[in-house]
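Breakdown of the fold
What follows is each chain in one-letter form.
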Amino acid sequence: TQSMHSRRFLDVSLLRLRLRLLHKLRLLRHQLTSSMHPRVPFAVLLALLLALLLAHSYPSASSSTSPNGNDADAPLGLDNGPQHSGAVSGVINLAVGHPATAMLPAEIMASAMERAATNLRTGGVGAVPLNYVSARGDAETLDIMAGFLTRAYGATVSPESLVVTAGVSHGIDVVCSALTSPGDTVVVELPTYFLAASIFTDHGLRVHGIAGTASYPHGDSSGNDGGVFDVDALAWQLRGGLRPRLVYLIPTHSNPRGGILPVEARRRLVSLAHKYGFFIVADDVYHLLHWGQGPPPPRFIQVEHELINPHFEDNAGSVGHPEGADATKINSAGICDVTHSCGSRIISVSSFTKILAPGLRLGWIEASPALANKLAGRGYILSGGCVAPFTASIVAEVIASGDQVAHLARLNHHYRRTSVVLADALSLYSSSLGWSFHTPVGGYFLWLKLPPRVTTELLAPAAAIAGVKFLPGERSVPVALDLKLAAIYAVHDREPSAGAVGDELDVSYGGGGGGGFS
Ligand SMILES: Cc1ncc(COP(=O)(O)O)c(C=O)c1O
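Residues numbered from 1 in each chain as written. Predicted model: local features only at pLDDT ≥ 70, side-chain atom pairs only at ≥ 80, totals over all residues. Heavy atoms only, no water.

**Here's the deal with the side chain of H274**
- For H274, the location among the structural elements is in helix α8 (residues 263-276).
- Separated by 2.8 Å, the side chains of H274 and E304 make a polar contact. (Helix = DSSP H or I, 4+ residues; strand = E, 2+ residues; numbered from the N terminus. Polar contact = N/O pair within 3.5 Å; in protein donor to acceptor, adjacent residues only side chain to side chain.)

**Here we look at the sheet that holds strand β6 (residues 246-249)**
- What the 7 strands build is an open sheet, ordered β3-β9-β8-β7-β6-β4-β5; its pairing is mixed. Lying at the two open borders of the sheet, with one neighbouring strand each, are β3 (162-165) and β5 (206-211). Here the average twist between neighbouring strands, direction ignored, is 20°.
- Relative to β5, strand β4 (residues 185-190) runs parallel, the two sharing 6 bridges. (Pairing = 2+ DSSP bridges. Axes fitted to C-alpha atoms, helices over the stretch in contact; angles between N-to-C directions.)

**Examining the environment of I301**
- Looking at where I301 falls in the secondary structure, it is placed in helix α9 (residues 300-307).
- Taking the C-alpha atoms as reference, I301 lies 9.6 Å from V157; in sequence the two are 144 residues apart.
- If we ignore the near neighbours within four places in the chain, the residues touching I301 are I346, S348, E366 and A367. (Contact = heavy atoms within 4.5 Å.)

**Quick look at the site of the ligand**
- Around the ligand, 14 residues are found, and the nearest of them are S169, D283, Y286, T353 and R361.
- In the environment of the ligand, an oxygen atom lies 2.9 Å from a nitrogen or oxygen atom belonging to the side chain of N255.
- Within the complex, the protein chains bury 95% of what would otherwise be the 400 Å² of accessible surface of the ligand.
- For the shell around the ligand, the class distribution of residues is 5 nonpolar, 6 polar and 3 charged. (Near = heavy atom within 4 Å. Areas by Shrake-Rupley, 256 points an atom, 1.4 Å probe, with all protein chains shown as cover. Nonpolar A, V, L, I, M, F, W, Y, C, P; charged D, E, K, R; others polar.)

**As for the pairing of β3**
- Here β3 shows a buried face lined by L162 and V164 and a second buried face lined by V163 and T165.
- Of the strand pairs in this sheet, β3 and strand β9 (residues 363-367) are connected by 4 bridges, and their pairing is antiparallel. Considered in β9, the bridge of L162 is made with E366. (Buried < 20%, exposed > 50% of the residue type's maximum accessible area, 1.4 Å probe, protein only.)

**Notes on the environment of W435**
- Of note, W435 is situated in the loop between α14 (430-433) and β10 (445-449).
- What makes W435 buried here is its relative accessible area of 4%.
- Residues W435 and P451, spaced 16 residues apart in sequence, show a C-alpha to C-alpha distance of 5.4 Å.
- Not counting the four nearest positions on each side in its chain, W435 is found in contact with L25, L28, L426, Y429, S430, L448, K449, L450 and P451.
- A polar contact is formed between the side chain of W435 and the backbone oxygen of L426, at a distance of 3.0 Å.

**Section: the packing of helix α3 (residues 106-123) against helix α12 (residues 389-400)**
- At their nearest, the axes of α3 and α12 sit 9 Å apart, and the two run at 110° to each other. As judged from the angle between their axes, α3 and α12 are roughly perpendicular. Here α3 and α12 pass one another in a crossing that is right-handed. Each of I108, M109, A112, M113, R115, A116, N119 and L120 in α3 lies in contact with α12, whose residues at this interface are F390, I394, E397 and V398. (Parallel < 35°, antiparallel > 145°, perpendicular 65-115°, else oblique. Left-handed = near helix turned anticlockwise from the far one by under 90°.)

**Some thoughts on unusual backbone geometry**
- Look at the link from L190 to P191: it is a cis peptide, with omega at 0°.
- You can see P191 is positioned in the loop between β4 and α6 (194-202).
- P256 follows N255 through a cis peptide bond whose omega is 15°.
- If you trace the backbone, P256 turns up in the loop between β6 and α8.
- Its identity is not glycine, yet R361 carries a phi of approximately 50°, on the positive side.

**Points about the nonpolar core**
- Judged by nonpolar contacts, the single largest core of 75 residues is most densely connected at F200, Y248, I347 and F352.
- In terms of residues, this core owes the most to one element, helix α5 (residues 168-179), which gives 7 residues.
- Both domain 1 (1-128 + 403-414 + 427-473) and domain 2 (168-351) contribute no fewer than three residues apiece to this core.
- Core analysis: the next-biggest nonpolar cluster, separate from the first, contains 27 residues, L25, L94, V454 and A466 among them. (Core = buried A, V, L, I, M, F, W, Y, C linked by side-chain atoms within 4.5 Å. Domains from an automatic or database assignment.)

**Let's talk about the packing of aromatic side chains**
- Scanning the entire structure with this criterion turns up 6 aromatic pairs.
- An angle of 85° between the planes, with centres 5.7 Å apart, marks the rings of Y286 and F445 as edge-to-face. Remark: F445 occurs in strand β10 and Y286 occurs in the loop between β7 (279-283) and α9; sequence separation between them is 159 residues.
- Taken together, the ring pairs in this structure connect Y286, Y415, Y444 and F445 into an aromatic cluster.
- When the ring centre of F300 is taken as origin, the NZ or CZ atom of R266, which lies over that ring, is 5.8 Å away.
- One cation-aromatic arrangement involves R299 over Y153; the distance from NZ or CZ to the ring centre is 3.7 Å. (Phe/Tyr/Trp six-rings, centres within 6.5 Å; stacked < 30°, edge-to-face > 60°. Lys NZ or Arg CZ within 6 Å of the ring centre and 35° of its normal.)

**Quick notes on the pattern of salt bridges**
- In the structure shown here, the tally under the stated rule is 5 salt bridges.
- A salt bridge links E189 to R257; its shortest N-O distance comes to 3.2 Å. With E189 in strand β4 and R257 in the loop between β6 and α8, the pair connects residues that are 68 residues apart, well separated along the chain.
- Taking relative accessible area as the criterion, E189 reaches 6% and is therefore assigned buried.
- A single network of salt bridges, built from pairs that share partners, joins D284, R299 and E366. (Salt bridge = Lys/Arg side-chain N within 4 Å of Asp/Glu carboxyl O.)

**Remarks on the confidence of the model for the protein chain**
- When pLDDT is averaged across the protein chain, the result is 77; 70% of the residues are at 70 or more.
- A low-confidence stretch, residues 310-330 (pLDDT under 50), is modelled with 48 contacts involving residues beyond four sequence positions or located in other chains.
- Scored below 50 in pLDDT, residues 483-518 shows 65 contacts in the model against residues more than four places distant or in partner chains. (pLDDT = per-residue confidence, 0-100.)

**Topic: α5**
- With 12 residues, α5 should reach 16 Å at 1.5 Å per residue; the first-to-last C-alpha distance of 16 Å fits that figure.
- Counting buried residues in α5 gives 9 out of 12 residues, a clear majority hidden from the surface.
- Taken together, the buried positions of α5 are occupied by V168, H170, G171, I172, V174, V175, C176, A178 and L179. (Expected span 1.5 Å × (residues − 1).)

Spelled out as structure tokens, the structure:
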């Protein structure tokens with residue numbers, strides 16, 4: 001009955017969301033058409049981000065149905081930091097990547113905690129970890145997590161390859177402290193998840209942005225041809241001497257553009273990682289939020305496994321600086337020769353943030369066993385043991401009961417439907433407002449490309465009057481493009497998969513806006 005009730009509630013909510021969106025878009029169009037001045041400066045790159053499916057999409061419903069009685073979402077303001085703000089009544093806030101309040105698993109967590117409480121009372125010490133546990137995590141918890149991930153990914157995940165973290169953000173921080181030194185370079189796609197950049201700069205890393213493609217030339221099997229990481233541009237810059245220590249990207253349903261890096265680009269990037277000795281930090285946080293046709297492309301860890309001889313020796317000892325890459329160990333395909341040990345170059349960071357609840361602060365790193373041990377060997381992890389044994393064991397309980405799988409299915413169903421509502425509403429105005437987008441097939445985000453003459457500065461006040469908040473695309477460009485390098489690249493050496501870097505730079509230059517995307 002409860003699930004029927006919540007399904008009916010969601011149906012009504014969807015309808016209400018559709019009506020509110022349409023109403024606000026009508027207002028927005030009115031605002032825009034009446035405020036657009038013919039002499040608005042020629043466009044810089046005009047883009048904005050709409051984060052989908054958020055708590056604030058249901059402001060009136062969320063307070064009345066929040067099972068834990070918490071209807072007090074923090075006051076919202078982009079000024080407060082878009083990733084960590086809540087809802088203002090009556091405003092559709094598409095600026096934050098929070099789960100819908102109605103979809104938070106209050107009942108699931110309450111039941112798991114009740115079972116854990118019973119275990120604690122009856123099972124005594126060890127039923128739920130209260131003592132120190134080993135650095136990567138409690139063995140039973142890791143087994144349960146590995147089992148869940150193996151089924152969810154459709155590819156084997158061994159418990160030895162996992163490290164419990166306090167979420168993706170913490171996982172990235174661990175990777176930086178274990179594998180980098182101040183002054184090293186980390187390559188990121190632009191636009192990217194902008195808050196990751198501040199983790200990199202915390203570690204004294206140089207963040208080098210490479211403009212993503214505007215679209216992947218061949219699209220992909222999921223039908224999403226939103227922009228993705230430009231592997232060709234990276235290859236070109238590597239040939240020109242760029243030596244990153246890390247390449248950070250969100251390969252599947254990226255933040256902010258929702259792009260899915262096709263498998264052939266993944267293969268190419270893995271081979272470059274081995275050739276030039278950098279690590280790929282794959283932020284797989286949205287991989288399991290997927291409703292496209294067929295599964296998303298395999299994750300980097302699988303791609304590396306398939307490319308490299310399965311007997312390839314896992315040797316974290318070769319975790320050296322890029323200069324340490326030994327060309328003699330690379331075969332003609334750019335992959336470690338099977339007779340040598342080059343060590344794995346892939347680290348997957350993910351979390352329960354988007355598939356269960358952000359407040360848990362629980363995630364995992366997946367890497368080769370040797371690399372996983374190296375990452376878990378940070379002083380503070382060795383000293384304190386695993387960072388979240390208690391929470392991890394409660395989540396293991398959620399997994400063991402089957403609730404995690406069921407919840408994930410519900411999330412995908414719900415987000416698919418709300419993404420369609422948003423896409424339908426936006427497409428009603430595509431021809432009159434001239435914006436374009438790809439309908440999401442997973443993740444949290446829809447990237448709306450604005451027409452010439454409309455800037456996000458122009459749009460924001462109009463949207464505010466209409467009662468919509470969004471994240472301007474510029475916010476997802478935390479570092480300036482290396483314009484000199486990119487300009488040479490755009491003019492002289494476009495690799496076969498010519499994309500839009502050139503176009504985007506042209507637009508930027510035309511607008512005189514410094515900093516690439518600004
Ligand atoms: C791409 C990406 N990575 C990481 C995070 C944060 O993950 P966590 O809450 O697990 O630290 C987010 C949150 O929006 C995100 O979009």
